[in-house]
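So the chains spell out like this:
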Amino acid sequence: MSTTPHVPGPGLPDAKAALGWMHTARFLTTAAQLNQLPAITVPEIAFVGRSNAGKSTCINTLTQQRQLAFASKKPGRTQHINLFALGKQGATDAVLADLPGYGYAAVSRSDKQRWQQVMANYLVSRQGLTGIVLLCDPRLGLTELDEALLEVVRPRVEQGLKFLVLLTKADKLTRAEQAKALSIARLQAGGGEVRMFSALKRQGVDEVAQLLWQWAHPTEEPAAEPDQNP
């Protein structure tokens, strides 16, 4: 992997500060339906992707916590939206939303359809949604379900919603294969950013943490709101 040091751009914290912020993540609430989610007044960043794309591993790696996001032994069986608060203890300046994985064959057709509708409604209507991280296994590329999700969020992305395609499990690809996967994904990302990511090799971890911090703090520190949980 490249050993060139990453220099923070304008408005970006250094990697240590960004990772320190990510490490503050703590469970906020879980919901099976949109109307069960609390109203959030701080930026919300959603993680979405196929059930086997490595979403839980990515969240746990970014937050440096082993079991913050639950990885079920049966992919696709976790059918709740889980929210995690970010910020100093006692205050929240951003929220991560872990959406259920989609596309796993073992889930019934009715469950798939129900959750596809819940996710679509969330992505279209969630007021505080600031950014979306779509996780994708670069060996498979963006699937039809990923493309469908892109179509759902495209209008909001065009209106300024932040969007990142994160190509996980990068350690399973050669450098040439990574370069090819990046090129293809950039053509499909519809204006969003594309990054390689490997929890095992920690590739992309610093850069993604910095990017998410920037999404949550676009100009200046927003007013933090009190934690809803003690």
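Residues numbered from 1 in each chain as written. Predicted model: local features only at pLDDT ≥ 70, side-chain atom pairs only at ≥ 80, totals over all residues. Heavy atoms only, no water.

Enquirer: Help me out: how do you make sense of the overall build of the chain in this one?
Expert: Across its full length, the chain carries 6 helices and 9 strands. Within the chain, the fraction of its 230 residues that count as buried is 48%. Long-range pairs, those at least 24 residues apart, make up 78% of the contacts in the chain between residues at least 6 apart in sequence. For the chain, the accessible surface area stands at approximately 11700 Å², while carbon and sulfur atoms represent 52% of it. (Helix = DSSP H or I, 4+ residues; strand = E, 2+ residues; numbered from the N terminus. Buried < 20%, exposed > 50% of the residue type's maximum accessible area, 1.4 Å probe, protein only. Contact = heavy atoms within 4.5 Å. Areas by Shrake-Rupley, 256 points an atom, 1.4 Å probe, with all protein chains shown as cover.)

Enquirer: Before we go on, may I ask you to explain helix α4 (residues 144–158) in this structure?
Expert: Note on helix geometry: an α-helix contains 3.6 residues per turn, so any two residues three or four positions apart are oriented the same way. Between the first and last C-alpha of α4 there are 21 Å, a value that for 15 residues agrees with the 21 Å anticipated at 1.5 Å per step. The sharpest bend along α4 measures roughly 40° and falls at Val-152, with the proline Pro-155 sitting one to four residues further on. If you check which residues of α4 are buried, you get Asp-146, Leu-149, Leu-150, Val-153, Arg-156 and Val-157. Elements that come into contact with the buried residues of α4 comprise β2 (44–49), α3 (109–125), β6 (129–136), β7 (162–167) and α5 (175–188). The positive-phi residue at the C-terminal boundary of α4 is Gly-160, with phi of around 120°. (Expected span 1.5 Å × (residues − 1). Bend = angle between axes of the 7 residues up to and from the residue.)

Enquirer: Sorry, what's going on with unusual backbone geometry here?
Expert: One non-glycine residue, Gln-64, adopts positive backbone phi at about 55°. For Arg-202, which is not a glycine, the phi torsion comes out positive at approximately 60°. Within the secondary structure, Arg-202 is located in the loop between β8 (193–196) and α6 (205–216). We classify Arg-202 as partly exposed; its relative accessible area is 42%.

Enquirer: Help me out: how do you make sense of the packing of α3 against α4 in this one?
Expert: A packed helix pair is summarised by two numbers, namely the angle formed by the two axes and the spacing between the axes. Their axes nearest at 9 Å, the elements α3 and α4 cross at an angle of 25°. As judged from the angle between their axes, α3 and α4 are roughly parallel. α4 is crossed by α3, and the crossing has right-handed handedness. Here Gln-116, Met-119, Ala-120, Tyr-122, Leu-123, Val-124 and Ser-125 of α3 lie close against α4, whose contacting residues are Leu-145, Leu-149, Val-152, Val-153 and Arg-156. Across the contact of α3 with α4, the residue classes tally to 9 nonpolar, 2 polar and 1 charged. (Axes fitted to C-alpha atoms, helices over the stretch in contact; angles between N-to-C directions. Parallel < 35°, antiparallel > 145°, perpendicular 65-115°, else oblique. Left-handed = near helix turned anticlockwise from the far one by under 90°. Nonpolar A, V, L, I, M, F, W, Y, C, P; charged D, E, K, R; others polar.)

All quantities given are derived from atomic positions and should not be read as evidence of function.
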